[in-house]
Amino acid sequence: MHWLFKLLSLLPLRVLQLIGAGIGWLTFKMSGTLRKRTKENLAQAGYTDEQLPEKIGRNTGRQALESLWVWYRPAETVLKRVSVTPNAQKIIEEAMTGHRPIVFMTPHIGCFEVLPVWLAANYYEKTQRKIAVLYRPPRNPILLKIVGQARQASGIEACPTTISGIKRVIRGLRNGHTFGSLPDQVPSFGEGIWVDFFGKPAYTMTLPVKVARQFDAVRIFAWTHRDNHGWTLDAECWDDELSGNIKTDVQEMNKRIEDIVRRMPEQYGWSYNRYKHVSGTPPCPTSGEEKKK
């Protein structure tokens, strides 16, 4: 399977995106569960455009295959397909050449695999600051080996979402490195709390907020927008002081993710089971119950 992925990555990016769009569209058409969840999540956020779900299906397929291209292509090849907004360049440059650790929060928009590659290629050699990225290990042992190894590169430390992986993240931040998280990924039991996401309680990870406060880290939301040439990287700082109340701070994190998603809803991962009940957690509260607390 490793060689199959590697062979696929040799195709031009545009070809992979076209194939991915076709696979995504077909999967969306054939899977009633996926279709239902996408539409429900869109409705929860107030979107009623009947054309939007199919666009999202195609973009989900694009994201899956273009990730292979990013993993297996040389960094210099990937960088030719990435443009950066002036605002993002300024924010990231100031943070990476500073002395505080950094927590990057990258929602499931565009191709979220691009940021670590771009960051390491542009800053690792001159700053020696690595970025640790957490990934959920697949159950399939073949995929487990591929996903872990594919993300590893000079300046990038891929850490599984295990106790040992989180310890590596913390050790890196303590030593002034950076941490890249997917803040809208459903965490495992004990690693999140229930807060609203688009007006509905979602079990939300607390790690980015906790480590940012613990290490007085710079907090940066960073994401990519898929366009004709490849991707455009954008970013914004979360400069407001953290309150120290974990529920308040995590809710604010979700609000900021919502704001980013609304700028490009067609490229967000709406088919993801964001509101699922995590085994071992207490019953999901209603939105109204959350607000009364």
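To be clear, the structure that these remarks concern was listed above.
Participant: Can you explain the overall build of the protein chain? Please cite residues and give values.
Facilitator: For the protein chain, the count of helices and strands is 12 helices and 9 strands. Its C-alpha atoms give the protein chain a radius of gyration of 19 Å, near enough to 19 Å, the size a compact globule of 293 residues would have. Based on the C-alpha atoms only, the size of the protein chain along its principal axes is roughly 55 × 50 × 40 Å. Taking all 293 residues of the protein chain together, 52% fall into the buried category. Counted over contacts in the protein chain with a minimum sequence separation of 6, partners at least 24 positions apart contribute 76%. Split by element, the accessible area of the protein chain, about 14200 Å² in all, is 54% carbon and sulfur. One way to put it: in the protein chain the 41 positive side-chain charges average out to a point 7 Å from where the 28 negative ones average out.

Participant: Pulling in residues and values, what's your account of the pairing of strand β8 (residues 218-226)?
Facilitator: Of all 9 residues in β8, 8 are buried, a share of seventy percent or more. Sheet topology places strand β2 (residues 102-105) next to β8; 4 bridges connect them, and they run parallel. Bridge pairing in β8 places I102 opposite V218. Note: β8 against strand β9 (residues 231-237), 7 bridges, orientation antiparallel.

Participant: Please give an account of the packing of helix α6 (residues 86-96) against helix α7 (residues 114-127) that cites residues and values.
Facilitator: Contact geometry for α6 and α7: axes closest at 11 Å, N-to-C directions at 35°. When the axes of α6 and α7 are compared, the crossing they make is right-handed. Residue-level inspection shows Q89, I92, E93 and M96 of α6 in contact with α7, the latter providing W118, L119, Y123, K126 and T127. Taken together, the residues of the contact of α6 with α7 break down into 5 nonpolar, 2 polar and 2 charged.

Participant: Tell me about a nonpolar patch on the surface, and please be specific about residues and values.
Facilitator: Together, V15, I19 and I23 give the surface a local cluster of nonpolar side chains, amounting to about 220 Å² of exposed area. In this structure, I23 sits in helix α2 (residues 13-30).

Participant: Summarise the nonpolar core; cite the residues concerned and give the values.
Facilitator: Core analysis: the biggest nonpolar cluster contains 39 residues, and V103, F179, F221, M253 and W270 have the highest contact counts within it. Put simply, the parts of the chain that give this core at least two residues each are α4 (52-72), β2, β3 (131-135), α9 (163-174), β6 (192-197), α10 (207-214), β8 and α11 (246-261). Tallying contributions element by element places α11 first for this core, with 5 residues. Residues contacting W270, with those up to four places away along its chain left out, are R37, T38, N41, L42, A45, Y47, I56, F198, V261 and P265. Membership of the second largest hydrophobic core comes to 37 residues, among which are L68, Y72, I91 and A222.

Participant: Account for the sheet that holds β3, naming residues and giving values.
Facilitator: What the 7 strands build is an open sheet, ordered β1-β9-β8-β2-β5-β3-β4; its pairing is mixed. At either margin of the open sheet sits one strand with a lone partner, and together these are β1 (82-84) and β4 (156-160). Strand-to-strand, the axes of this sheet are offset by a mean angle of 25°, without reference to chain direction. Taken together, the 5 bridges between β3 and β4 define a ladder with parallel strand orientation.

Participant: Can you tell me about the pairing of strand β5 (residues 178-181), naming the residues and giving the values?
Facilitator: Residues T178 and G180 line one face of β5 and the alternating positions F179 and S181 line the opposite face, and both faces are buried. Where β2 meets β5, 4 bridges bridge the pair, whose relative direction is parallel. Across the sheet, residue V103 finds its bridge partner in β5, namely F179. As paired elements, β3 and β5 share 3 bridges and run parallel to each other. Directly across from V133, in β5, lies its bridge partner G180.

Participant: Mind laying out α11, listing which residues take part and the relevant values?
Facilitator: Look at α11: 23 Å from first C-alpha to last across 16 residues, which is about the 22 Å you get at 1.5 Å a residue. Within α11, the full set of buried residues consists of D249, V250, Q251, M253, N254, R256, I257, E258, I260 and V261. Contacts from the buried residues of α11 go to β2, β6, β7 (200-205), α10, β8 and β9. Where α11 begins, the capping side chain belongs to N245, and its oxygen is found 3.0 Å from the backbone nitrogen of K247.

Participant: Describe the pattern of salt bridges, and please don't skip the residues or the numbers.
Facilitator: Counted under the stated rule, the structure contains 12 salt bridges. The salt bridge partner of E157 is R168, with a shortest N-O separation of 3.1 Å. One end of the pair, E157, is in strand β4; the other, R168, is in helix α9, and 11 residues separate them in sequence. On the basis of relative accessibility, which here comes to 23%, the residue R168 falls in the partly exposed class. The salt bridge involving R263 is made with D259; its shortest N-O contact spans 2.5 Å. For R263, a relative accessible area of 43% puts it in the partly exposed group. Note on D259: relative accessible area 39%, which makes it partly exposed. Connected through shared salt-bridge partners, K29, E54 and R58 make up one network.

The rules behind each value
Numbering of residues begins from 1 in every chain and follows the order in which that chain's sequence is written. In view of the model being predicted, local features appear only for residues whose pLDDT reaches at least 70, and side-chain atom pairs are presented and counted only at 80 or more, with totals across whole chains, interfaces and linings using the full set of residues. The basis for the side-chain values is all heavy atoms of the structure; hydrogens and waters are excluded. Numbering goes from the N terminus for both helices and strands, where a helix is a DSSP run of H or I of at least four residues and a strand is a run of E of at least two. With the radius of gyration taken over C-alpha atoms, the globule rule is written as 2.2 Å times the number of residues to the power 0.38. Working definition: with a 1.4 Å probe on protein chains only, accessible area under 20% of the residue-type maximum means buried, over 50% means exposed, and in between means partly exposed. Here a residue-residue contact requires only that any non-hydrogen atoms of the pair lie within 4.5 Å. Here the open area of atoms and residues is found with the Shrake-Rupley method and a 1.4 Å probe, where only the protein chains shown may cover a residue. Just so you know, the count uses Lys and Arg for positive and Asp and Glu for negative, and it drops His and the chain ends. The location of each charge is read from NZ of Lys, CZ of Arg, CG of Asp or CD of Glu. One requirement defines pairing of two strands: DSSP has to find at least two bridges between them. Axes here refer to lines fitted to C-alpha atoms; in helices the fit is confined to the stretch in contact. Angles between the N-to-C directions go from 0 to 180 degrees. A clockwise turn of the near helix away from the far one marks a right-handed crossing, whereas an anticlockwise turn of less than a right angle marks a left-handed crossing. The classification used treats Ala, Val, Leu, Ile, Met, Phe, Trp, Tyr, Cys and Pro as nonpolar, Asp, Glu, Lys and Arg as charged, and all other residues, Gly among them, as polar. Patch building starts from residues that exceed 30% relative accessible area and form no salt bridge, then joins like charges within 9 Å and nonpolar side chains (Val, Leu, Ile, Met, Phe, Trp, Tyr) within 5 Å. Any carboxyl oxygen of Asp or Glu within 4 Å of a side-chain nitrogen of Lys or Arg constitutes a salt bridge here. To define a nonpolar core, start from buried Ala, Val, Leu, Ile, Met, Phe, Trp, Tyr and Cys residues and group those joined through side-chain atoms within 4.5 Å. Take the residue count of a helix, subtract one, and multiply by 1.5 Å to get its expected span. Two N or O atoms count as a polar contact when they lie within 3.5 Å, although within protein this holds only if one can serve as hydrogen donor and the other as acceptor, and sequence-adjacent residues are included solely when both atoms are side-chain atoms.

Any functional reading would require information that these geometric values do not contain.
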